[in-house]
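Analysis of the macromolecular model
So the chains spell out like this:
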Amino acid sequence: MGDDPASRIYVNNKKKACEYCGIESFEYAMPAETTHEELMALIEKLNNDDRVDGILCQLPIPKHLDEKAVINAIRPDKDVDAFHPANVGKIMIGDYDFLPCTPAGVMELIKESGIDISGKECVVIGRSNIVGKPMAMLLLHAHGTVTICHSRTKDLAETVRRADVVVAAVGVPELIKGDMIKEGAVVIDVGMNRLADKKLVGDVEFESAAKKASAITPVPGGVGPMTIAMLMKNTVKAALVHSENK
Ligand code: NAD
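Residues numbered from 1 in each chain as written. Predicted model: local features only at pLDDT ≥ 70, side-chain atom pairs only at ≥ 80, totals over all residues. Heavy atoms only, no water.

Quick look at the site of the ligand
- For the ligand, the set of nearby residues contains 21 residues, the closest of which are R127, S128, S151, M192 and T227.
- Within the side chain of S128, a nitrogen or oxygen atom sits 2.5 Å from an oxygen atom of the ligand.
- S151 places a polar main-chain atom, nitrogen or oxygen, 3.1 Å from an oxygen atom of the ligand.
- Protein contacts shield 71% of the accessible area of the ligand, which totals 860 Å² for the unbound molecule.
- Sort the elements by how many residues they give to the shell around the ligand and helix α9 (residues 223–244) lands first, with three residues.
- For the shell around the ligand, the residue count by class is 10 nonpolar, 10 polar and one charged. (Near = heavy atom within 4 Å. Polar contact = N/O pair within 3.5 Å; in protein donor to acceptor, adjacent residues only side chain to side chain. Areas by Shrake-Rupley, 256 points an atom, 1.4 Å probe, with all protein chains shown as cover. Helix = DSSP H or I, 4+ residues; strand = E, 2+ residues; numbered from the N terminus. Nonpolar A, V, L, I, M, F, W, Y, C, P; charged D, E, K, R; others polar.)

Digging into the side chain of T235
- With respect to the helices, strands and loops of the structure, T235 is situated in helix α9.
- Here the side chain of T235 touches L231 through a polar contact of 2.7 Å, landing on its backbone oxygen.
- Setting aside anything within four residues of it in sequence, one finds T235 in contact with I23, D53 and V80. (Contact = heavy atoms within 4.5 Å.)

Some remarks on the nonpolar core
- V106, I110, L139 and V167 are the most contacted members of the largest nonpolar core, which totals 34 residues.
- A per-element tally of this core places α9 first, with seven residues.
- The next biggest cluster of nonpolar side chains, apart from the first, holds 16 residues, and it includes A163, I181, A185 and A209. (Core = buried A, V, L, I, M, F, W, Y, C linked by side-chain atoms within 4.5 Å. Buried < 20%, exposed > 50% of the residue type's maximum accessible area, 1.4 Å probe, protein only.)

Describing the pairing of strand β2 (residues 145–149)
- Relative to β2, strand β1 (residues 121–125) runs parallel, the two sharing five bridges. Its bridge partner lying in β2, V124 is registered against I148.
- Traced from β1 through helix α6 (residues 132–141) to β2, the parallel crossover comes out right-handed. (Pairing = 2+ DSSP bridges. Right-handed = clockwise from strand over helix to strand, strands pointing away.)

Considerations on the state of the cysteines
- If you walk through the whole model with that rule in mind, you get zero disulfides.
- Take C21: it sits in no disulfide, and the sulfur closest to it among the cysteines is that of C18, at 6.9 Å.
- The thiol sulfur of C57 is not disulfide-bonded, and the nearest other cysteine sulfur, from C101, lies at 14 Å. (Disulfide = S-S within 2.5 Å.)

Some words on the pattern of salt bridges
- Taken as a whole and judged by the stated rule, the model has nine salt bridges.
- Ionic pairing is found between D164 and K182, a salt bridge with its closest N-O pair at 2.7 Å. Here the residue D164 occupies a position in the loop between α7 (156–161) and β3 (165–168), and K182 occupies one in the loop between β3 and β4 (186–189), the gap between them amounting to 18 residues.
- Across the pair E205 and K177 runs a salt bridge whose closest N-O atoms are separated by 3.8 Å. One end of the pair, E205, is in the loop between β6 (200–201) and α8 (206–212); the other, K177, is in the loop between β3 and β4, with 28 residues separating them in the sequence.
- Relative accessible area serves as the criterion here: at 25%, E205 is assigned to the partly exposed category.
- Looking at K177, the relative accessible area reads 33%, which means it is partly exposed. (Salt bridge = Lys/Arg side-chain N within 4 Å of Asp/Glu carboxyl O.)

Right under this line is the structure:
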(Lines give C-alpha, C1' and ligand atoms only; values in the text may rest on other atoms or scores of the structure.)
Protein backbone atom coordinates (compact mmCIF):
# COMPACT_ATOMS: atom_id res chain seq x y z
CA MET A 1 0.00 0.00 0.00
CA GLY A 2 1.41 3.39 -1.02
CA ASP A 3 5.09 3.93 -1.63
CA ASP A 4 6.89 3.31 1.67
CA PRO A 5 10.53 2.64 0.63
CA ALA A 6 11.17 0.13 3.46
CA SER A 7 8.00 -1.78 2.50
CA ARG A 8 9.19 -1.88 -1.11
CA ILE A 9 12.43 -3.56 0.00
CA TYR A 10 10.60 -6.05 2.25
CA VAL A 11 8.09 -6.98 -0.48
CA ASN A 12 10.86 -7.44 -3.05
CA ASN A 13 12.81 -9.68 -0.66
CA LYS A 14 9.70 -11.76 0.02
CA LYS A 15 9.01 -12.12 -3.70
CA LYS A 16 12.61 -13.24 -4.29
CA ALA A 17 12.33 -15.79 -1.47
CA CYS A 18 9.10 -17.15 -3.00
CA GLU A 19 10.81 -17.53 -6.34
CA TYR A 20 13.75 -19.30 -4.68
CA CYS A 21 11.37 -21.73 -2.95
CA GLY A 22 9.20 -22.36 -6.01
CA ILE A 23 6.20 -20.52 -4.56
CA GLU A 24 4.21 -18.46 -7.05
CA SER A 25 3.56 -14.94 -5.74
CA PHE A 26 1.10 -12.30 -6.89
CA GLU A 27 1.78 -8.68 -6.01
CA TYR A 28 -0.99 -6.11 -5.74
CA ALA A 29 0.75 -2.73 -5.46
CA MET A 30 -2.11 -0.48 -4.38
CA PRO A 31 -1.83 3.31 -4.52
CA ALA A 32 -1.85 5.29 -1.24
CA GLU A 33 -5.33 6.66 -2.02
CA THR A 34 -6.93 3.18 -2.18
CA THR A 35 -10.22 3.14 -0.28
CA HIS A 36 -11.14 0.77 2.54
CA GLU A 37 -13.76 -0.85 0.28
CA GLU A 38 -11.25 -1.48 -2.49
CA LEU A 39 -8.77 -3.07 -0.12
CA MET A 40 -11.46 -5.23 1.49
CA ALA A 41 -12.67 -6.34 -1.95
CA LEU A 42 -9.13 -7.45 -2.85
CA ILE A 43 -8.74 -9.43 0.38
CA GLU A 44 -12.12 -11.06 -0.19
CA LYS A 45 -11.06 -12.01 -3.72
CA LEU A 46 -7.81 -13.55 -2.47
CA ASN A 47 -9.62 -15.32 0.40
CA ASN A 48 -11.71 -17.10 -2.25
CA ASP A 49 -8.93 -17.73 -4.77
CA ASP A 50 -7.87 -21.40 -4.69
CA ARG A 51 -4.50 -20.57 -6.23
CA VAL A 52 -3.69 -18.53 -3.12
CA ASP A 53 -2.62 -20.33 0.07
CA GLY A 54 -1.15 -17.35 1.93
CA ILE A 55 -2.08 -13.66 2.08
CA LEU A 56 0.16 -10.95 3.46
CA CYS A 57 -0.61 -7.25 3.66
CA GLN A 58 2.70 -5.43 4.09
CA LEU A 59 2.33 -3.04 7.03
CA PRO A 60 2.22 -0.15 7.70
CA ILE A 61 -0.72 0.88 5.54
CA PRO A 62 -1.79 4.51 4.89
CA LYS A 63 -3.35 6.22 7.93
CA HIS A 64 -6.88 6.50 6.47
CA LEU A 65 -7.12 2.69 6.34
CA ASP A 66 -7.94 0.49 9.32
CA GLU A 67 -5.08 -1.93 9.98
CA LYS A 68 -7.15 -3.96 12.43
CA ALA A 69 -9.97 -4.45 9.91
CA VAL A 70 -7.46 -5.63 7.31
CA ILE A 71 -5.90 -8.17 9.68
CA ASN A 72 -9.37 -9.41 10.69
CA ALA A 73 -10.47 -9.76 7.06
CA ILE A 74 -7.73 -12.22 6.06
CA ARG A 75 -8.90 -15.83 6.33
CA PRO A 76 -7.09 -17.31 9.37
CA ASP A 77 -5.98 -20.38 7.37
CA LYS A 78 -4.33 -18.05 4.82
CA ASP A 79 -2.92 -15.67 7.45
CA VAL A 80 0.76 -16.56 6.97
CA ASP A 81 1.84 -13.58 9.09
CA ALA A 82 -0.20 -15.02 12.02
CA PHE A 83 -1.63 -11.62 12.94
CA HIS A 84 -5.34 -12.60 12.90
CA PRO A 85 -6.84 -12.75 16.42
CA ALA A 86 -7.71 -16.43 15.89
CA ASN A 87 -4.04 -17.22 15.25
CA VAL A 88 -2.82 -14.93 18.04
CA GLY A 89 -5.17 -16.76 20.45
CA LYS A 90 -3.78 -20.11 19.33
CA ILE A 91 -0.24 -18.90 20.00
CA MET A 92 -1.32 -17.90 23.50
CA ILE A 93 -2.51 -21.44 24.29
CA GLY A 94 0.45 -23.06 22.53
CA ASP A 95 -1.69 -24.86 19.94
CA TYR A 96 -0.82 -23.07 16.76
CA ASP A 97 -0.96 -23.53 13.00
CA PHE A 98 1.23 -20.57 12.13
CA LEU A 99 3.82 -18.85 14.26
CA PRO A 100 4.45 -15.14 13.77
CA CYS A 101 7.46 -14.99 11.46
CA THR A 102 9.94 -12.85 13.41
CA PRO A 103 9.58 -14.58 16.82
CA ALA A 104 9.55 -17.97 15.06
CA GLY A 105 12.79 -17.02 13.30
CA VAL A 106 14.37 -16.09 16.63
CA MET A 107 13.36 -19.45 18.14
CA GLU A 108 14.80 -21.27 15.13
CA LEU A 109 18.13 -19.43 15.54
CA ILE A 110 18.22 -20.36 19.23
CA LYS A 111 17.37 -24.00 18.50
CA GLU A 112 19.85 -24.37 15.65
CA SER A 113 22.57 -22.90 17.88
CA GLY A 114 21.96 -25.66 20.43
CA ILE A 115 20.79 -23.23 23.13
CA ASP A 116 18.32 -24.62 25.65
CA ILE A 117 15.88 -22.02 26.96
CA SER A 118 14.46 -24.16 29.74
CA GLY A 119 14.81 -22.43 33.12
CA LYS A 120 16.74 -19.49 31.66
CA GLU A 121 16.08 -15.84 32.53
CA CYS A 122 14.77 -14.36 29.26
CA VAL A 123 14.26 -10.61 28.86
CA VAL A 124 12.29 -9.34 25.86
CA ILE A 125 12.53 -5.60 25.24
CA GLY A 126 9.45 -4.37 23.38
CA ARG A 127 5.79 -5.38 23.70
CA SER A 128 4.39 -5.01 20.19
CA ASN A 129 1.73 -7.42 18.97
CA ILE A 130 3.90 -8.57 16.09
CA VAL A 131 7.22 -9.11 17.87
CA GLY A 132 7.53 -8.50 21.63
CA LYS A 133 4.38 -10.19 22.94
CA PRO A 134 4.46 -13.35 20.77
CA MET A 135 8.24 -13.55 21.34
CA ALA A 136 7.66 -13.66 25.09
CA MET A 137 5.01 -16.34 24.63
CA LEU A 138 7.29 -18.59 22.54
CA LEU A 139 10.09 -18.27 25.12
CA LEU A 140 7.57 -19.16 27.80
CA HIS A 141 6.44 -22.24 25.82
CA ALA A 142 10.15 -23.20 25.69
CA HIS A 143 10.12 -23.04 29.53
CA GLY A 144 12.04 -19.78 29.91
CA THR A 145 11.40 -17.42 32.83
CA VAL A 146 10.27 -14.41 30.86
CA THR A 147 10.27 -10.67 31.62
CA ILE A 148 8.91 -8.14 29.13
CA CYS A 149 10.37 -4.62 29.21
CA HIS A 150 8.84 -1.64 27.44
CA SER A 151 8.91 2.14 27.23
CA ARG A 152 7.72 2.55 30.84
CA THR A 153 10.02 -0.04 32.42
CA LYS A 154 11.73 1.67 35.35
CA ASP A 155 15.21 0.18 35.29
CA LEU A 156 15.85 -1.33 31.90
CA ALA A 157 19.61 -1.75 32.36
CA GLU A 158 19.23 -3.62 35.65
CA THR A 159 16.56 -5.95 34.23
CA VAL A 160 18.59 -6.72 31.09
CA ARG A 161 21.67 -7.42 33.24
CA ARG A 162 19.82 -10.37 34.84
CA ALA A 163 19.13 -12.02 31.49
CA ASP A 164 20.63 -15.23 30.14
CA VAL A 165 18.77 -14.52 26.90
CA VAL A 166 18.08 -10.97 25.66
CA VAL A 167 15.74 -10.27 22.74
CA ALA A 168 15.68 -6.61 21.71
CA ALA A 169 12.68 -5.52 19.59
CA VAL A 170 12.43 -1.80 20.26
CA GLY A 171 13.27 0.29 17.21
CA VAL A 172 15.77 2.52 19.04
CA PRO A 173 19.27 2.40 17.51
CA GLU A 174 21.84 0.74 19.80
CA LEU A 175 19.76 1.22 22.95
CA ILE A 176 21.23 -1.91 24.55
CA LYS A 177 24.92 -1.44 25.38
CA GLY A 178 27.54 -4.01 26.32
CA ASP A 179 27.53 -2.92 29.97
CA MET A 180 23.88 -4.05 30.18
CA ILE A 181 24.73 -7.59 29.04
CA LYS A 182 25.56 -10.37 31.50
CA GLU A 183 28.78 -12.27 30.74
CA GLY A 184 27.89 -15.25 28.52
CA ALA A 185 24.33 -14.11 27.67
CA VAL A 186 22.67 -14.90 24.34
CA VAL A 187 21.73 -11.67 22.55
CA ILE A 188 19.18 -11.54 19.74
CA ASP A 189 18.76 -8.22 17.99
CA VAL A 190 15.45 -7.84 16.14
CA GLY A 191 15.80 -4.07 15.64
CA MET A 192 16.24 -2.63 12.16
CA ASN A 193 16.97 1.06 12.33
CA ARG A 194 18.06 3.18 9.38
CA LEU A 195 20.39 6.00 10.47
CA ALA A 196 20.60 9.40 8.74
CA ASP A 197 23.68 8.19 6.84
CA LYS A 198 21.57 5.23 5.55
CA LYS A 199 23.49 2.73 7.70
CA LEU A 200 21.32 -0.08 9.09
CA VAL A 201 21.82 -0.79 12.81
CA GLY A 202 20.03 -2.88 15.39
CA ASP A 203 18.74 -2.10 18.88
CA VAL A 204 21.96 -3.51 20.36
CA GLU A 205 25.37 -1.86 20.24
CA PHE A 206 26.99 -4.84 18.55
CA GLU A 207 30.67 -4.23 19.30
CA SER A 208 30.35 -3.75 23.04
CA ALA A 209 27.66 -6.44 23.45
CA ALA A 210 29.64 -9.00 21.43
CA LYS A 211 32.46 -8.75 24.00
CA LYS A 212 30.12 -10.06 26.72
CA ALA A 213 27.76 -12.37 24.81
CA SER A 214 28.30 -16.08 24.20
CA ALA A 215 26.19 -15.73 21.04
CA ILE A 216 24.85 -12.64 19.28
CA THR A 217 23.00 -11.90 16.03
CA PRO A 218 24.22 -9.15 13.69
CA VAL A 219 22.13 -6.49 11.93
CA PRO A 220 21.74 -6.85 9.03
CA GLY A 221 21.97 -10.56 8.35
CA GLY A 222 20.65 -11.97 11.63
CA VAL A 223 16.94 -12.08 12.40
CA GLY A 224 15.80 -10.39 9.14
CA PRO A 225 16.48 -13.29 6.77
CA MET A 226 14.99 -15.70 9.34
CA THR A 227 11.71 -13.77 9.29
CA ILE A 228 11.42 -14.32 5.56
CA ALA A 229 12.39 -17.99 5.88
CA MET A 230 9.60 -18.48 8.43
CA LEU A 231 7.13 -16.75 6.11
CA MET A 232 8.01 -19.32 3.46
CA LYS A 233 7.57 -22.11 6.01
CA ASN A 234 4.11 -20.82 6.98
CA THR A 235 3.12 -20.58 3.33
CA VAL A 236 4.18 -24.15 2.59
CA LYS A 237 2.30 -25.27 5.70
CA ALA A 238 -0.85 -23.46 4.52
CA ALA A 239 -0.52 -25.05 1.07
CA LEU A 240 -0.21 -28.52 2.59
CA VAL A 241 -3.30 -27.98 4.77
CA HIS A 242 -5.28 -26.67 1.80
CA SER A 243 -4.23 -29.56 -0.45
CA GLU A 244 -5.25 -32.08 2.24
CA ASN A 245 -8.69 -30.42 2.43
CA LYS A 246 -9.30 -30.40 -1.33
P1 NAD B 1 6.94 -1.13 17.86
O2 NAD B 1 7.28 0.31 17.66
O3 NAD B 1 5.57 -1.61 17.54
O4 NAD B 1 7.24 -1.53 19.37
C5 NAD B 1 8.38 -1.08 20.03
C6 NAD B 1 8.30 -1.48 21.48
O7 NAD B 1 9.46 -1.00 22.14
C8 NAD B 1 7.11 -0.91 22.22
O9 NAD B 1 6.43 -1.96 22.85
C10 NAD B 1 7.70 0.05 23.26
O11 NAD B 1 7.04 -0.04 24.51
C12 NAD B 1 9.13 -0.43 23.38
N13 NAD B 1 10.03 0.67 23.64
C14 NAD B 1 10.14 1.85 23.01
N15 NAD B 1 11.12 2.61 23.54
C16 NAD B 1 11.65 1.90 24.55
C17 NAD B 1 12.69 2.15 25.48
N18 NAD B 1 13.38 3.27 25.48
N19 NAD B 1 12.95 1.18 26.39
C20 NAD B 1 12.27 0.02 26.41
N21 NAD B 1 11.29 -0.27 25.53
C22 NAD B 1 10.97 0.67 24.62
O23 NAD B 1 8.04 -1.94 17.03
P24 NAD B 1 8.07 -3.44 16.46
O25 NAD B 1 7.17 -3.52 15.29
O26 NAD B 1 7.93 -4.43 17.56
O27 NAD B 1 9.58 -3.48 15.93
C28 NAD B 1 10.68 -3.31 16.81
C29 NAD B 1 11.96 -3.27 16.00
O30 NAD B 1 12.11 -4.52 15.32
C31 NAD B 1 11.99 -2.20 14.91
O32 NAD B 1 13.33 -1.74 14.76
C33 NAD B 1 11.58 -2.96 13.66
O34 NAD B 1 12.10 -2.39 12.47
C35 NAD B 1 12.22 -4.29 13.93
N36 NAD B 1 11.57 -5.43 13.25
C37 NAD B 1 12.39 -6.30 12.61
C38 NAD B 1 11.86 -7.40 11.99
C39 NAD B 1 12.78 -8.36 11.32
O40 NAD B 1 12.36 -9.14 10.50
N41 NAD B 1 14.07 -8.34 11.66
C42 NAD B 1 10.48 -7.63 11.98
C43 NAD B 1 9.66 -6.73 12.68
C44 NAD B 1 10.23 -5.64 13.31
